Amino acid sequence: MKKIILCLWILASWSTSMLSRTTQAVVSPNGRLKMSVSIGNLLKLTLPCDGNKLMETPISMKLDDNTVWGQKPTLQKTTRNEINRIISTNLYTKSEVTDHCNEMTLKFSQGFDLVVRAYDNGCAYRFVSNKVGSYNVESENSPWTFPTGAKVTYRWAENNGGEQGDLYSPLNSHGEGWYIPDTTLIINDDNRPYALLPFMVKSPNLPTLVIAESDIEDYPSMFVQNGNGGSYAVAFPQKAKTTRVTSSWAKMTFPETRYPYIASCNGPRTFPWRIFMVADQDVDLFDNDLVYVLAKNPEGDFSWVKNGQSTMDYVTAYTLDNVDFQSGLNTQTYLYEIKFAAKHGMPYVNMDAGVLNNTTMLDIMTNNGQPKVDMATLSNEAKTDGVKLIVWGSAGVLNDYLNQGEDKLDACLARIAELGFSGIKIDFFERSDQDYNRLKEEILRHAAKYHLVVDLHGTYEVAGYNRTWPNLVSTEGVLGMENGKWGKGIGEYKYDKMWVYDVTFPFLRCLNGPTDYTPGLMRNATVKTMKVSDKRPMSLGTRTHQIAMFVVVFSPLTNLGDNVTSYESRPAVLNYINAIPTTWDDVKPLSGVSNQYLAVARRKGDQWFIGALNNDQDRTLTLDLSFLGDGDYAAEVFADADNADTKPTNYKISTVDVPADRKMTINMKKIGGWVARIYKKSSSAVNMVKVDKTDAAPVYNLVGQKVGTTKSLLQRGIYIAEGKKFIVK
């Protein structure tokens, strides 16, 4: 009997040893990608594509009791599962996305699971805790190594609010750093020692790899730094212990001392997905939905959320041109903007910093004891005209309320809604640690109670939030058009190099979700004529370059960067911009290389829009439009004029037939662009001014030609489609 027991014990020990030293793998549905998990003294991930290694890294998570998940792990069980479903989206680049992958869950005796998924366009993994009680995560470890000759493209995390030499200060990033293309090392100085996600890796003769994350619930955001031996390591902001206010006006609050851990946890939980996207061509990234797919489902009804374009007051310093009153931060100016928005079918008007009391966010800012704006008048006019108002506020103020209790945060947001606002633009987060990422979640959660849409500014965007919280209609985390006010830059990276940024960030930043770039500046300049201006900022590149941004950059709330009178004096441009949707039903990557150029097609209903952007070299592309299918198509094209390289405000609008072979050749000037709206010849769309059977307001088509009035068009049997267009039968 003793011999039998001994044999059973030896067999069990041998089985456990084999499970503890093994390799488990999950393969994508199409068989091209495989994520292998080597289980030995460490957990080690390997990602090959078509048998060629793209990335390798050990992974671990250390707790503050010295437990290390991933160090000498003991595998207990492996389960496998295929996921294949369609997800209906809210306010996204597609009306539905496919979630199809093979999933593997590894259960370990140390109290954690590792979940690994393989999709056709990427792989992902996450840690899952089975612990009970409270515990703290001290760190994560994942030193990525890539094939020889690999080059990386990244956005730096700028030192923002900390002291020089304090290496945690850049982890307070607002997400507005420059992109450094095709390099081998992250800049290593006191200002910029970290990179933000998504992080691009291009290895010789291999597909492009992009590292991202999703489902960052109650956890800090991930950063990247140089590792040892040519590797790249992950970094996280530690949890704040004490804080200091660095701006009394904006209540910007930064950690002064920190705990020796990055997150405090309680009980079982999931941790963020770590995503490795794979693209045969850079432009294929526009069709990668993994950040969205891996985020949590929304909870509750968000059918009240409205997308669309908005006026923007801040970029042009609240002023208008050629009006018969003193424009500025006052009632008359906002009444003018409300009327403009209503006339052109724009659902929102932005009311930026200086309207709401910046220290309490409970009342309108005063000047000599009087409110700066008559909010009752503005609210009534907006409701009459069907326009919604969005107001600026400070993250620090809302953080103070949340620290006092959720009822205090609710009271503030309820008051904002009572004043007549339908949305909030919350600025100056400047932090991505656990507490401030939780603050963003709570703002979105509580704002939804009062049907407030949210635009987050001054923050490293939290990937995937737009799925979980569809009332998040945009996020900054981008070097937008406001930077023409002061010409921001460091060293060789100045605003006159903005073209580098423009043909890089859409490949990476936009993967994280909506991007509030505020395109549409009308004062377009060359490198030689570019000047900094607070009230009338300029954009580098052609006017077409600016218009193309409305198609290329996704944002359910799209703020028009210039003042409304700049558009009124350019009706053909306004009509073209006004016809571009802000959410989409489908996307087709056409052509593009990061840091050089791009062209992408997006569909809304039965119409396709194409946006193309170029770097500092003239370029000719032939686009394959075979996705259009059968039928005769026409394209209303907005293109660079022949002399746009020296006179960038010049453009040409034309209507052309789409070739029968579906090959369309386009030309772009340096720092130029190209835009088209493509439709079947059986119908043509024109902009709506106002839906009123008695209204004789003029209506223009997308090329600026008058086609009648609202009254005459309705009398001719023209019907309304999508709320913003007339379609001729």
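Look above for the structure.
Fair warning: this is a prediction, and the values are worked out from it, not measured in the lab.

## Observations concerning empty space enclosed by the protein
Moving on, step 1. Per the counting criterion, the structure on display carries five cavities of 30 Å³ or more.
Moving on, step 2. Around the largest cavity, the lining is made up of 19 residues, and of these Y92, T93, N288, C510 and L511 lie nearest the centre.
Moving on, step 3. Secondary-structure elements contributing two or more residues to the lining of the largest cavity are helix 2 (290-293) and helix 10 (505-508).

## Points about the pattern of salt bridges
Moving on, step 1. One pass over the full model with this rule turns up 38 salt bridges.
Moving on, step 2. Between E140 and R274 there is a salt bridge; the shortest N-O distance is 2.7 Å. Taken together, the positions of E140 in strand 10 (residues 134-141) and R274 in strand 21 (residues 273-279) put the pair 134 residues apart, joining distant regions of the chain. Each of the two residues, E140 as well as R274, counts as buried.

## Comments concerning the packing of aromatic side chains
Moving on, step 1. The full count for this structure, using the stated rule, is 33 aromatic pairs.
Moving on, step 2. Aromatic pair W144 and F199: ring centres 6.1 Å apart, planes at 45 degrees, arrangement tilted. With W144 in the loop between strand 10 and strand 11 (151-157) and F199 in strand 13 (residues 194-202), this residue pair connects regions lying 55 residues apart in the sequence.
Moving on, step 3. Residue class for W144 comes out buried when judged on its relative accessible area of 2%.
Moving on, step 4. Counting every residue linked through ring pairs, the aromatic cluster contains W69, F108, F112, Y125, F127, Y219, F236, F271 and F276.
Moving on, step 5. The ring of Y135 has K131 lying over it, and the distance from NZ or CZ to the ring centre is 5.6 Å.
Moving on, step 6. For the cation-ring pair, R431 lies above Y436, with the distance from its terminal atom to the ring centre recorded as 4.0 Å.

## Remarks on unusual backbone geometry
Moving on, step 1. Geometrically, the link from L197 to P198 is a cis peptide bond, its omega value of -5 degrees lying close to zero.
Moving on, step 2. When you line up the elements, P198 lands in strand 13.
Moving on, step 3. Residue D182 is not a glycine yet carries a positive backbone phi of 50 degrees.
Moving on, step 4. Secondary-structure assignment places D182 in strand 12 (residues 179-183).
Moving on, step 5. D182 gets classed as partly exposed once you look at its relative accessible area, which sits at 39%.
Moving on, step 6. Even without being a glycine, A317 presents a positive backbone phi close to 55 degrees.
Moving on, step 7. With respect to the secondary-structure elements, A317 resides in the loop between strand 22 (308-311) and helix 3 (331-343).
Moving on, step 8. Judged by its relative accessible area of 17%, A317 falls in the buried class.

Scoring rules and cut-offs
Residues numbered from 1 in each chain as written. Predicted model: local features only at pLDDT ≥ 70, side-chain atom pairs only at ≥ 80, totals over all residues. Heavy atoms only, no water. 1 Å grid on protein atoms, 1.4 Å probe; cavity = no way out; pocket = protein on both sides within 12 Å on 5 of 7 lines; lining within 4 Å. Points joined across faces, edges and corners; volume = space filled by probe spheres on them. Helix = DSSP H or I, 4+ residues; strand = E, 2+ residues; numbered from the N terminus. Salt bridge = Lys/Arg side-chain N within 4 Å of Asp/Glu carboxyl O. Buried < 20%, exposed > 50% of the residue type's maximum accessible area, 1.4 Å probe, protein only. Phe/Tyr/Trp six-rings, centres within 6.5 Å; stacked < 30°, edge-to-face > 60°. Lys NZ or Arg CZ within 6 Å of the ring centre and 35° of its normal.

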